[in-house]
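Each chain, letter by letter, is given below.
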Amino acid sequence: LAKTTQPISMDSYEGQEVNITCSHNNIATNDYITWYQQFPSQGPRFIIQGYKTKVTNEVASLFIPADRKSSTLSLPRVSLSDTAVYYCLVGDPVKGKLIFGQGTTLQVKP
Amino acid sequence: DAGVTQSPTHLIKTRGQQVTLRCSPKSGHDTVSWYQQALGQGPQFIFQYYEEEERQRGNFPDRFSGHQFPNYSSELNVNALLLGDSALYLCASSFFSGKQNTEAFFGQGTRLTVV
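Residues numbered from 1 in each chain as written. Chains lettered and ligands numbered in written order. Predicted model: local features only at pLDDT ≥ 70, side-chain atom pairs only at ≥ 80, totals over all residues. Heavy atoms only, no water.

**Some remarks on the pattern of salt bridges**
- A full pass over the atoms with the stated rule returns four salt bridges over all chains.
- Measuring nitrogen to oxygen at the nearest pair gives 3.4 Å for the salt bridge that ties Lys109 of chain A to Asp11 of chain A. Here Lys109 of chain A, found in strand β9 (residues 104-109), pairs with Asp11 of chain A, found in strand β1 (residues 9-13); they are 98 residues apart in sequence, far enough to count as distant.
- Take Lys109 of chain A: its relative accessible area is 32%, and that puts it in the partly exposed class.
- Among the ionic pairs, Arg57 of chain B bridges to Glu54 of chain B, the shortest N-O distance being 3.1 Å.
- With relative accessibility at 36%, the residue Glu54 of chain B sits in the partly exposed group. (Salt bridge = Lys/Arg side-chain N within 4 Å of Asp/Glu carboxyl O. Helix = DSSP H or I, 4+ residues; strand = E, 2+ residues; numbered from the N terminus. Buried < 20%, exposed > 50% of the residue type's maximum accessible area, 1.4 Å probe, protein only.)

Spelled out as structure tokens, the structure:
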């Protein structure tokens, strides 16, 4: 199973764009990249998923280079409510098993 | 449309006891996975149920067992509780199309404290 590495923590200010990069050097051909957000004492919430190039939805963008060995989650104009732990996961959606790492704790300051 | 619901929300048990946690998947979902999240750590995969059978299992001892019912709801059972079993237990559901799983939706979790 591909292992992911992401920063332990990041700080930002309201209104800024935040980019969180995740490395997954041994990603397999069938693996997709998925990001989840988790607030304290709540279950993780799906943010975005992609296989290659760029994916965008109403809350975030996901950039994946051609070699797929890394990915970047971009959160536009963060607010205080975006303070949370963000997890980068790599896995085969056929199996559906999610392997979480330590995640990145994002602190948004006023 | 109700999302994933788990019960109970909190639970306190004594070492050596047994516990059963319950999960109702999101409407339309047929696959249920269970995760254990210790304080300050990411969730760890316990097992996954599909068509009432355990399809995948993580690195957890046999004290952890589960069941899926015909209505897709699921139970997680833990026997001979240890202090180290204290954690947030998360249930996630998804739909398996026959080719792949959709995105997983998580419940709020059950906070288990073993004393």
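**As for the environment of Asn25 of chain A**
- Following the sequence through the fold, Asn25 of chain A ends up in the loop between β2 (18-23) and β3 (32-38).
- Judged by its relative accessible area of 53%, Asn25 of chain A falls in the exposed class.

**What to know about the interface of chain B and chain A**
- Taken together, the contacts link 24 residues of chain B with 18 residues of chain A.
- With both chains or domains summed, chain B and chain A bury close to 1700 Å², and 47% of this area falls on carbon and sulfur atoms.
- Applying the counting criterion to the chain B and chain A interface returns zero salt bridges.
- Where chain B packs against chain A, one counts seven residue pairs in polar contact (both at pLDDT 80 or more).
- At the level of elements, β4 (31-37), β5 (44-50), β6 (53-57) and β9 (87-94) of chain B are the ones that each hand at least two residues to the side of chain B that touches chain A.
- In terms of residue class, the side of chain B that touches chain A is made up of eight nonpolar, 11 polar and five charged. (Contact = heavy atoms within 4.5 Å. Buried area = accessible area lost by both parts, 1.4 Å probe. Polar contact = N/O pair within 3.5 Å; in protein donor to acceptor, adjacent residues only side chain to side chain. Nonpolar A, V, L, I, M, F, W, Y, C, P; charged D, E, K, R; others polar.)

**What to know about the packing of aromatic side chains**
- Overall, the coordinates contain 12 aromatic pairs over all chains when judged by the stated rule.
- Relative to Phe106 of chain B, the ring of Tyr36 of chain A has its centre 5.7 Å away and its plane inclined at 85 degrees; by these criteria the two rings are edge-to-face. A residue pair is termed interchain when its members come from two chains, as with Tyr36 of chain A in strand β3 and Phe106 of chain B in strand β10 (residues 105-106).
- Using a relative accessible area of 11% as the deciding quantity, one classes Phe106 of chain B as buried.
- Both rings, one in Tyr87 of chain A and one in Phe100 of chain A, keep their centres 5.1 Å apart while their planes meet at 90 degrees; by these two values the pair is edge-to-face. With Tyr87 of chain A in strand β8 (residues 84-91) and Phe100 of chain A in the loop between β8 and β9, the pair connects residues that are 13 residues apart, well separated along the chain. Across the pair, Phe100 of chain A and Tyr87 of chain A agree in class, each one buried.
- One aromatic cluster in this structure is built from Tyr36, Phe46, Tyr87 and Phe100 of chain A together with Tyr35, Phe45 and Phe106 of chain B.
- Taking NZ or CZ as reference, Arg55 of chain B lies 4.6 Å from the ring centre of Tyr50 of chain B, over its face.
- Stacked on the ring of Phe96 of chain B, the Lys or Arg Arg55 of chain B has its end atom at 4.6 Å from the ring centre. (Phe/Tyr/Trp six-rings, centres within 6.5 Å; stacked < 30°, edge-to-face > 60°. Lys NZ or Arg CZ within 6 Å of the ring centre and 35° of its normal.)

**Overview of the state of the cysteines**
- A full pass over the atoms with the stated rule returns two disulfides over all chains.
- Covalently, Cys22 of chain A is tied to Cys88 of chain A through a disulfide, its sulfur atoms 2.2 Å apart. The disulfide joining Cys22 of chain A to Cys88 of chain A has a torsion of about -80 degrees about its S-S bond and is therefore left-handed. Residue Cys22 of chain A is located in strand β2, and its partner Cys88 of chain A is located in strand β8; the two are separated by 66 residues in the primary sequence. With respect to burial, Cys22 of chain A and Cys88 of chain A carry one shared label: buried.
- What pairs with Cys23 of chain B in a disulfide is Cys91 of chain B, and their sulfur atoms sit 1.8 Å apart. Its torsion about the S-S bond being -60 degrees, the disulfide of Cys23 of chain B and Cys91 of chain B is classed as left-handed. Of this pair, Cys23 of chain B sits in strand β3 (residues 19-24) while Cys91 of chain B is found in strand β9, placing the two residues 68 residues apart along the sequence.
- Given the relative accessible area of 2%, Cys23 of chain B is considered buried. (Disulfide = S-S within 2.5 Å.)

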